[in-house]
Amino acid sequence: MELFTKLAIFAMVLAVAIWSQPSMAEDSICGISPDDLMTCKPAVVGSIGQPPSPVCCKALSKANLPCLCSFKSSPWTTFLGINPDLAAKLPVSCKIDPSFHC
């Protein structure tokens, strides 16, 4: 229970730090906005995921793919419910780069 409490406090502090940054809405993660990145979430959750939407693929086509791969082994992917194996397959599923792999 103590670990959960510490994790909850850390998450709250992180959220406050992020939302207190006035330029955060303009920032991107590997060249893609957080909102655009969220369009891909249905394709990367669970053990199977859904096929990526055209909106997801369009957003992903603007991303720095090697940069996104750097998050594959991050504990945050699991914490956020993202299946890193499904996420790594998105560039191929979206036909952005048929030979791409993380």
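Structure: see above.
Residues numbered from 1 in each chain as written. Predicted model: local features only at pLDDT ≥ 70, side-chain atom pairs only at ≥ 80, totals over all residues. Heavy atoms only, no water.

**Q** Before we move on, could you go through the packing of aromatic side chains and cite the residues and values that matter?
**A** Across all of its chains, the model carries 1 aromatic pair by this definition. When the centroid spacing of 5.2 Å and the interplanar angle of 90 degrees are considered together, the rings of Trp76 and Phe79 count as edge-to-face. Residue Trp76 and its partner Phe79 are located together in helix α6 (residues 75-79), separated by 3 residues, close to a single helical turn. Assessed through its relative accessible area of 45%, Phe79 is described here as partly exposed. (Phe/Tyr/Trp six-rings, centres within 6.5 Å; stacked < 30°, edge-to-face > 60°. Helix = DSSP H or I, 4+ residues; strand = E, 2+ residues; numbered from the N terminus. Buried < 20%, exposed > 50% of the residue type's maximum accessible area, 1.4 Å probe, protein only.)

**Q** Please set out the pattern of salt bridges residue by residue, giving values where relevant.
**A** Throughout the structure, instances matching the rule amount to 1 salt bridge. One salt bridge in this structure joins Asp36 and Lys62, with 3.6 Å as the shortest N-O distance. Residue Asp36 is located in helix α2 (residues 34-38), and its partner Lys62 is located in the loop between α4 (54-60) and α5 (65-69); the two are separated by 26 residues in the primary sequence. (Salt bridge = Lys/Arg side-chain N within 4 Å of Asp/Glu carboxyl O.)

**Q** Describe in detail the state of the cysteines, supporting the description with residues and values.
**A** If you walk through the whole model with that rule in mind, you get 4 disulfides. Here Cys69 connects covalently by a disulfide to Cys102, the sulfurs 1.9 Å from one another. Its S-S torsion of about -70 degrees marks the bond between Cys69 and Cys102 as left-handed, since a negative value means left-handed. Taken together, the positions of Cys69 in helix α5 and Cys102 in the segment after α7 (84-93) put the pair 33 residues apart, joining distant regions of the chain. The cystine pairing of the protein, numbering bonded cysteines in sequence order, is 1-5, 2-3, 4-7, 6-8. (Disulfide = S-S within 2.5 Å.)

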